[in-house]
Amino acid sequence: MSGWLQGTVKSVSSGDCLVIMGKVASGPPPEKQLTLSSLISPRLGRQDTPDEPYAWESREHLRKKLIGKDVVFRVDYTVPSIAREFGTVYLKSADGQPPENVSLLVVANGLCKVRESSGQQAASPDYDELMRLQEDAQQKGLGLWSKEPNAAAIRTVPTDAIDGMALLESSKGKALPGVVEAVLNGSTVKMTLLPDFHTVTVVVAGIQSPSMGRRPAAPPPTAEGEVTALPAAPVPDPFAREAKHFSECKVLNREVRVVLQGVDKFSNLFGSLYHADCEQPVDLAEQLCRLGMAKVVDWSAQMLGKGGAEKLRLAERAAKEQRLRIWRDYVPPPKNSSPILSDSFVGKVAEVFSGDTLIVRDAASGLERRVCLSSIRAPRGGNPR
């Protein structure tokens, strides 16, 4: 078994391509993108191009089979011109059965084609068996070899940009099914809503994870039009990578439910994201807060209602008490043990929290007091409602 490695499948981007991550005690592990040797899967479309026939079915078959599963793999060959590694992957069996060769499995179901080898090109060590299984799938008319592809062979992907407010009004409070395609940071995901295949970006309501950083602007060119230097790479905030990795392990390429809660003035959708853990729905926001990977954001927590916001604050409080991750340097505010003897006091405004709420520092005691202007209510930031 020389050259064989072990890992866990992190993501599946197509019917023949996957990302495998290693196992480490802490922090994001090393990753390897691997394409199955000698195979060609139908390609998923983009905004301006449709799917190839059976592209979605091919990707979904491999995703459901491998995502989050332990595998054994080996790199068979590389193609430097496209910077790609091609390999063989075996899926470990949970019941003591022999591991399954993933390449043989997808070809036998007619969901990938075998790339013909001229004898001089590198090929899979199982090439002959792959060709035999492909001929068998052709004779049976499976998948790509179907003589009459069914209506679902090609997805109907909406081309128009989705109206966030209209989607919110039509589905608010409903648990919408979908598959997470990318995790942008610990609390922001890009997902495909099912069964309509709308692609949306959803910010997890009520929380904010550390930022992955923004790429700085490129320096201006010289008088001769030459670029003096490339822009520096973005620098993530502390624990940003850890929060992003945690969310990837929980929801990336997995089937989730999203309950839309609101939309801001930039048409960003906010929602509660639930994933399955031991077949039970789990709130990603609460997990991130409890582990010290996110903080509660009051203006978007208001979208959740009193019960939902309080649940997040309790999780955040537990992380603060344990000084986990982003709260490692947390210092509890001093408790105001002295009673307020008068309704009137002199102080200095330390912070304007909102249009109707101030934080005032008492000149006599030095303590900060939250003061809400009576009988009025100002609009809440970020929520047009």
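Provided above is the structure to which this section pertains.
What comes next concerns the included structure. Counting starts from 1 at the beginning of each chain's written sequence and moves along it residue by residue. Residues qualify for local features only when their pLDDT is at least 70, as the model is predicted, and side-chain atom pairs are given and counted only at 80 or more; totals for whole chains, interfaces and linings, by contrast, use all residues. Calculation of side-chain values draws on the structure's entire complement of heavy atoms; hydrogens and water are dropped beforehand.

Looking now at the overall build of the protein chain. Secondary structure elements are taken from DSSP: a helix is a run of H or I of four residues or more, a strand is a run of E of two residues or more, and numbering for both begins at the N terminus. When its secondary structure is counted, the protein chain shows eight helices and 19 strands. Principal-axis analysis of the C-alpha atoms places the extent of the protein chain at approximately 90 × 65 × 45 Å. Burial status follows relative accessibility: with a 1.4 Å probe on protein chains alone, a residue under 20% of its type maximum counts as buried, one over 50% as exposed, and anything between as partly exposed. Sorting the 385 residues of the protein chain into buried and exposed places 38% on the buried side. Working rule for contacts: check all heavy atoms of both residues, and any pair within 4.5 Å makes them a contact. Across the protein chain, contacts joining residues at least 24 apart in sequence account for 59% of those joining residues at least 6 apart.

Bringing the environment of Gly 7 into the picture now. Looking at where Gly 7 falls in the secondary structure, it is placed in strand S1 (residues 5-14). Residues Gly 7 and Ile 20, spaced 13 residues apart in sequence, show a C-alpha to C-alpha distance of 5.9 Å. Leave out the neighbours within four places in its chain, and Gly 7 touches Ile 20, Met 21, Lys 69, Asp 70, Val 71 and Phe 73.

It is worth spelling out the environment of Val 72 at this point. For Val 72, the position within the fold is in strand S5 (residues 70-79). The class for Val 72 is buried, based on a relative accessible area of 14%. The sequence separation of Val 72 and Tyr 330 amounts to 258 residues, and the corresponding C-alpha distance is 42 Å.

Another point: helix H8 (residues 305-322). Between the first and last residue of a helix there are one fewer steps than residues, each counted as 1.5 Å, and that sum is the expected span. For H8, with 18 residues, the first-to-last C-alpha span of 26 Å sits near the 26 Å given by 1.5 Å per residue. For H8, the set of buried residues is Ala 309, Leu 312, Ala 315, Glu 316, Ala 318 and Ala 319. Next to the buried residues of H8 lie strand S12 (207-208), helix H6 (284-290), strand S16 (295-296) and helix H7 (298-301). Of the residues flanking the end of H8, it is Arg 323, one or two places downstream, whose phi is positive at about 55°.

This part covers the sheet that holds strand S17 (residues 347-354). When DSSP locates at least two bridges between a pair of strands, those strands are taken to pair. What the three strands build is an open sheet, ordered S17-S18-S19; its pairing is antiparallel. Since the sheet does not close on itself, it has two edges, and those belong to S17 and strand S19 (368-372), each with one partner. Between one strand axis and the next, the sheet turns by 30° as a mean value, whatever way the strands run. With five bridges joining them, strand S18 (residues 357-362) and S19 adopt antiparallel strand pairing. Following the sheet pairing, Ile 359 is matched in S19 by Arg 370. Axes here refer to lines fitted to C-alpha atoms; in helices the fit is confined to the stretch in contact. Angles between the N-to-C directions go from 0 to 180 degrees.

Within a regular strand, the side chains alternate between the two sheet faces. Across six bridges, the pairing between S17 and S18 is antiparallel. Pairing of Gly 347 across the sheet is with Asp 362, part of S18. Joining the antiparallel neighbours S17 and S18 is a turn of two residues. Connecting the antiparallel pair S18 and S19 is a turn made up of five residues, with Gly 366 showing a positive phi of about 80°.

Before going further, it helps to examine helix H1 (residues 55-66). Here H1 contains 12 residues, and its C-alpha end-to-end distance of 17 Å stays within 8% of the 16 Å for a straight helix at 1.5 Å per residue. Those residues of H1 that sit buried are Ala 55, Trp 56, Ser 58, Arg 59, Glu 60, Leu 62, Arg 63 and Leu 66. Positive backbone phi, approximately 75°, marks Gly 68, located one or two places after H1.

Take the side chain of Gln 287 next. Considering the arrangement of structural elements, one finds Gln 287 in helix H6. With a relative accessible area of 16%, Gln 287 lands in the buried category. When residues no more than four places from it in sequence are discounted, the contact partners of Gln 287 are Phe 246, Lys 250, His 275 and Val 282.

Now for the nonpolar core. One finds Val 180, Met 191, Ile 207, Val 251, Val 258 and Leu 273 to be the most contacted residues of the largest nonpolar core, which totals 38 residues. Excluding its chain neighbours within four sequence positions, the residues that come into contact with Leu 273 are Val 189, Met 191, Val 251, Val 256, Arg 257, Val 258, Val 282, Asp 283 and Leu 284. Counting 21 residues, the second-largest nonpolar core is a separate cluster that includes Val 9, Leu 18, Val 114 and Leu 130. We call a set of buried Ala, Val, Leu, Ile, Met, Phe, Trp, Tyr and Cys residues a nonpolar core when their side-chain atoms join them within 4.5 Å.

It is worth spelling out the pattern of salt bridges at this point. Any carboxyl oxygen of Asp or Glu that lies within 4 Å of a side-chain nitrogen of Lys or Arg is treated as forming a salt bridge with it. In the structure shown here, the tally under the stated rule is 23 salt bridges. Glu 129 is the salt-bridge partner of Arg 132, the closest N and O atoms lying 2.7 Å from each other. Of this pair, Arg 132 and Glu 129 both sit in helix H3 (residues 127-140), three residues apart, roughly one helical turn. For Glu 129, a relative accessible area of 31% corresponds to the partly exposed category.

Another aspect to go through is the layout of surface pockets. Size it by volume and the largest pocket reaches roughly 1,300 Å³. When contributions to the lining of the largest pocket are tallied by element, the ones reaching two or more residues are S1, strand S2 (17-21), H1, strand S9 (175-185), strand S10 (188-193), strand S11 (198-204) and helix H5 (240-251). Note on residue categories: nonpolar means Ala, Val, Leu, Ile, Met, Phe, Trp, Tyr, Cys or Pro, charged means Asp, Glu, Lys or Arg, and polar means any other residue, Gly included. For the lining of the largest pocket, a count of residues per class yields 15 nonpolar, 12 polar and 12 charged. Buriedness for pockets is judged along seven lines, at least five of which must meet protein on both sides within 12 Å for an open set on the 1 Å grid over protein atoms alone, while cavities are sets there where a 1.4 Å probe fits but cannot get out, and lining residues have an atom within 4 Å of a point. Grid points are joined across faces, edges and corners, and a volume is the space filled by probe spheres set on the points. As a volume, the second largest pocket reaches approximately 460 Å³. Around the second largest pocket, the lining is made up of 21 residues, and of these Asn 185, Ser 187, Thr 188, Val 203 and Gln 208 lie nearest the centre. At the level of elements, S9, S11, S12 and H7 are the ones that each hand at least two residues to the lining of the second largest pocket. Looking at the lining of the second largest pocket, the element that brings in the most residues is S11, giving three residues.

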